[in-house]
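Below, each chain spelled out in residue letters.
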Amino acid sequence: MYLKDIVTILEGETLIPSADLAVEVPCAFASDLISDILMCTKEPTLLLTGLTNNQVIRLADMIDIVGIIFVRGKRPLDEIVEMARERKLPLICTKMTMYRSSGLLFNAGLRSCKI
Amino acid sequence: MQDFAAVRSEMGEFWNIRSGLEESVKGFFSAPPEADVVLESLIPEKDFNTAGKGSAEVKNLLKRLGVDPEVLRRVAVAAYEAEINVAAHSRGGMMDSYIHSDLIHVVFRDKGPGIADIAQAMVPGFSTADDMVREMGFGAGLGLPNIQKNADALHITSSAGGSTVLEFLIYFANNER
Ligand SMILES: Nc1ncnc2c1ncn2[C@@H]1O[C@H](COP(=O)(O)OP(=O)(O)OP(=O)(O)O)[C@@H](O)[C@H]1O
Ligand SMILES: [Mg+2]
């Protein structure tokens, strides 16, 4: 599945227009706990989260995150979007809840990351 | 009669060494060789703008040195968790990274208030994180277990009221499984 398919499924809004959405997404993980995300991400992973602070962007310096979906209408501040732009990290907002977003992506064939 | 146990500040220590590496780890700590490269960074208290920069810097340097990506991930995760702990739970401290030809040794020293019971702090799920720290997405109580899982050797010394020193070793030869 590609990032652009994910944007369509989640009726998402891309926060970084220049971001490359033709990226293949192998798997996903959903959590609002940083340590949980760090513990479970060992391969390129799409992150679904309600966290919008700078540490969630900094995570991408440590582990391989292919993009971040901010669920339930949450939106990071401009300076945080800028941090992601510097890292070429795609950011997508969706109004859907974490549960609904995850369910739709799972049904569409996006597997969960290996833990 | 005075209760000495209550008066004396008990120094706690924790060791975990990946099985099979006991000899090399003991050898390293009994006579630490001089590092090829040393990186230092400051970790200010509750400064979540800065927190994580030191770990990212170390990861980038090791990447340039050609370290295996899976080992890089383990170093980054362990360093980041320890760096965040100093920012989140202490009055601030330092992170010193010593890079050798075959391993990295990272030492975190903070200004207290220390960990009264290290064994309890190591239990997955145990956390004393305050509301501000939890709001950032921390406080799962998984940071120390995560460091233990990713490091080849982990050593913590601390006491209630004192400072905490956490150091870990990760070999560049991938020793995980
Ligand atoms: N440098 C430190 N100084 C004082 N206390 C510490 C320090 N590091 C850890 N602790 C104590 O150990 C507990 C467990 O740490 P751990 O990293 O496992 O979880 P956490 O930081 O609370 O949550 P998480 O890391 O999952 O976000 C902390 O809540 C804190 O009480
Ligand atoms: Mg922690």
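Summary of the structure given here. (Residues numbered from 1 in each chain as written. Chains lettered and ligands numbered in written order. Predicted model: local features only at pLDDT ≥ 70, side-chain atom pairs only at ≥ 80, totals over all residues. Heavy atoms only, no water.)

Each helix and strand in chain B was counted, giving seven helices and six strands. Counted from the first residue to the last, chain B has its helices and strands arranged as α-β-α-β-α-α-β-β-α-α-α-β-β. For chain B, the C-alpha radius of gyration of 16 Å lies close to 16 Å, the compact-globule estimate for 177 residues. Here the C-alpha coordinates of chain B stretch approximately 60 × 40 × 30 Å along the principal axes. Taken over 177 residues, chain B has a buried fraction of 51%. A sequence separation of at least 24 residues applies to 70% of the contacts in chain B between residues at least 6 apart. Taken together, the 16 basic and 25 acidic charged side chains of chain B have centroids lying 4 Å from each other. (Helix = DSSP H or I, 4+ residues; strand = E, 2+ residues; numbered from the N terminus. Rg over C-alpha atoms; globule rule 2.2 N^0.38 Å. Buried < 20%, exposed > 50% of the residue type's maximum accessible area, 1.4 Å probe, protein only. Contact = heavy atoms within 4.5 Å. Lys, Arg positive; Asp, Glu negative; His and termini not counted. Charge placed at Lys NZ, Arg CZ, Asp CG, Glu CD.)

Right, let's talk about helix α4 (residues 69-89) of chain B for a bit. Taking 1.5 Å per residue as the helical rise, α4(B) with its 21 residues ought to reach 30 Å, and the 30 Å between its terminal C-alpha atoms agrees with that figure. Extensive coverage of α4(B) is indicated by the burial of 18 of its 21 residues. (Expected span 1.5 Å × (residues − 1).)

By nearness alone, 21 residues border ligand 1, and B:H89, B:S127, B:T128, B:G139 and B:L142 come closest of all. Looking at the residues close to ligand 1, they fall on chains A and B. In this structure, an oxygen atom belonging to ligand 1 sits 2.9 Å away from a side-chain N or O atom of B:N85. Within the side chain of B:T128, an N or O atom sits 2.5 Å from an oxygen atom of ligand 1. Summarising the interface, the protein chains cover 95% of the accessible area of ligand 1, which totals 600 Å² for the free molecule. In a pocket analysis with a 2 Å cut-off to the grid points, ligand 1 is assigned to the largest pocket. Per-class residue counts for the shell around ligand 1 are nine nonpolar, ten polar and two charged. (Near = heavy atom within 4 Å. Polar contact = N/O pair within 3.5 Å; in protein donor to acceptor, adjacent residues only side chain to side chain. Areas by Shrake-Rupley, 256 points an atom, 1.4 Å probe, with all protein chains shown as cover. 1 Å grid on protein atoms, 1.4 Å probe; cavity = no way out; pocket = protein on both sides within 12 Å on 5 of 7 lines; lining within 4 Å. Sits in = over half its atoms within 2 Å of the grid points. Nonpolar A, V, L, I, M, F, W, Y, C, P; charged D, E, K, R; others polar.)

Before going further, it helps to spend a moment on the packing of helix α3 (residues 53-64) of chain B against α4(B). All names here are of chain B. Remark: α3 packs on α4, axes separated minimally by 8 Å, with the N-to-C direction vectors making an angle of 160 degrees. Comparing their axes, α4 and α3 come out roughly antiparallel. Regarding α3 and α4, the two cross each other, and that crossing is right-handed. Between α3 and α4, the contacting residues are K53, G54, S55, V58, K59, L62 and K63 on the first element and L72, V75, A76, A79, Y80 and E83 on the second. For the contact of α3 with α4, the class distribution of residues is seven nonpolar, two polar and four charged. (Axes fitted to C-alpha atoms, helices over the stretch in contact; angles between N-to-C directions. Parallel < 35°, antiparallel > 145°, perpendicular 65-115°, else oblique. Left-handed = near helix turned anticlockwise from the far one by under 90°.)

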